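# An overview of the molecular structure
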Amino acid sequence: TLNVFKFKNCNIFKMNLENLMKVGIISDTHGYHNELRLPPVDILFHAGDFTSSDHIELNKKETLEFLNWFSNQDANHKIFIAGNHEFYLEELSK
C-alpha cells in the first residue's frame, strides 16, 4: 500500500513496509559464510567468491559446505553465482 499526501509542492509517501519484498545480497564470503547471521528474506543472492582455496579438493569441500549452509538459509528463493574462486564448479562444467 502506498499513500501519497500533497503539501505545497511536496509529496510525502507513506508505505506499508509489510508488503515489500525483502532481498538479501552477499558476496566475497571466502569461506566465512558460517559467521553470518542473516535475517529472513524473500530472495537471497550470493554474488560469488564463497570459496578461498585454489587446491581443487579443498575447493570442493568448501563448495559443498557452502551449498549446505546456503540451502539452510531462511529465504523463499536462493540464487548463487559462481565467482572466479569457485574452481570446483569450473571443473564440473568441463
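Our structure's up above, just so we're on the same page.
All of the points below concern the structure found in this document. Worth saying up front: this structure is predicted, and the values here are computed from it rather than measured.

Tracing the backbone shows Thr 63 in helix α1 (residues 56-71). Other than its neighbours up to four places away in sequence, Thr 63 contacts Phe 50, Thr 51, Tyr 88 and Leu 89.

So, about the pattern of salt bridges. Evaluated as defined, the whole model comprises two salt bridges. Taking the shortest distance from any N to any O, the salt bridge between Glu 65 and Lys 61 comes out at 2.8 Å. Taken together, the positions of Glu 65 and Lys 61, both in helix α1 and four residues apart, correspond to about one turn of that helix. With relative accessibility at 40%, the residue Glu 65 sits in the partly exposed group. Classification of Lys 61 as partly exposed rests on a relative accessible area of 49%. The partner of Lys 94 in a salt bridge is Glu 91, with the nearest N and O atoms 3.0 Å apart. Its relative accessible area of 71% is what places Lys 94 among the exposed residues. A relative accessible area of 41% means that Glu 91 is categorised as partly exposed.

Quick look at empty space enclosed by the protein now. Throughout the structure, instances matching the rule amount to one cavity of 30 Å³ or more. The computed volume of the largest cavity comes to approximately 30 Å³. What lines the largest cavity is simply Leu 38, Pro 39, Pro 40, Val 41, Leu 44, Gln 73 and Asp 74. Residue composition of the lining of the largest cavity, grouped by class: five nonpolar, one polar and one charged.

The strand order across the open sheet built from three strands is β3-β4-β5, with neighbouring strands paired in parallel fashion. The outermost strands of the open sheet, each flanked by one partner alone, are β3 (23-26) and β5 (75-80). Between one strand axis and the next, the sheet turns by 15° as a mean value, whatever way the strands run. As paired strands, strand β4 (residues 41-46) and β5 are joined by five bridges and run parallel to one another. The partner of His 46 across the bridge, within β5, is Phe 80. Along the sheet, α1 makes contact with β3, β4 and β5, crossing β5 at roughly 155°.

What counts, and at which threshold
- Residues numbered from 1 in each chain as written.
- Predicted model: local features only at pLDDT ≥ 70, side-chain atom pairs only at ≥ 80, totals over all residues.
- Heavy atoms only, no water.
- Helix = DSSP H or I, 4+ residues; strand = E, 2+ residues; numbered from the N terminus.
- Contact = heavy atoms within 4.5 Å.
- Salt bridge = Lys/Arg side-chain N within 4 Å of Asp/Glu carboxyl O.
- Buried < 20%, exposed > 50% of the residue type's maximum accessible area, 1.4 Å probe, protein only.
- 1 Å grid on protein atoms, 1.4 Å probe; cavity = no way out; pocket = protein on both sides within 12 Å on 5 of 7 lines; lining within 4 Å.
- Points joined across faces, edges and corners; volume = space filled by probe spheres on them.
- Nonpolar A, V, L, I, M, F, W, Y, C, P; charged D, E, K, R; others polar.
- Pairing = 2+ DSSP bridges.
- Axes fitted to C-alpha atoms, helices over the stretch in contact; angles between N-to-C directions.

Remember that the coordinates give geometry; whether it matters functionally is a separate question.
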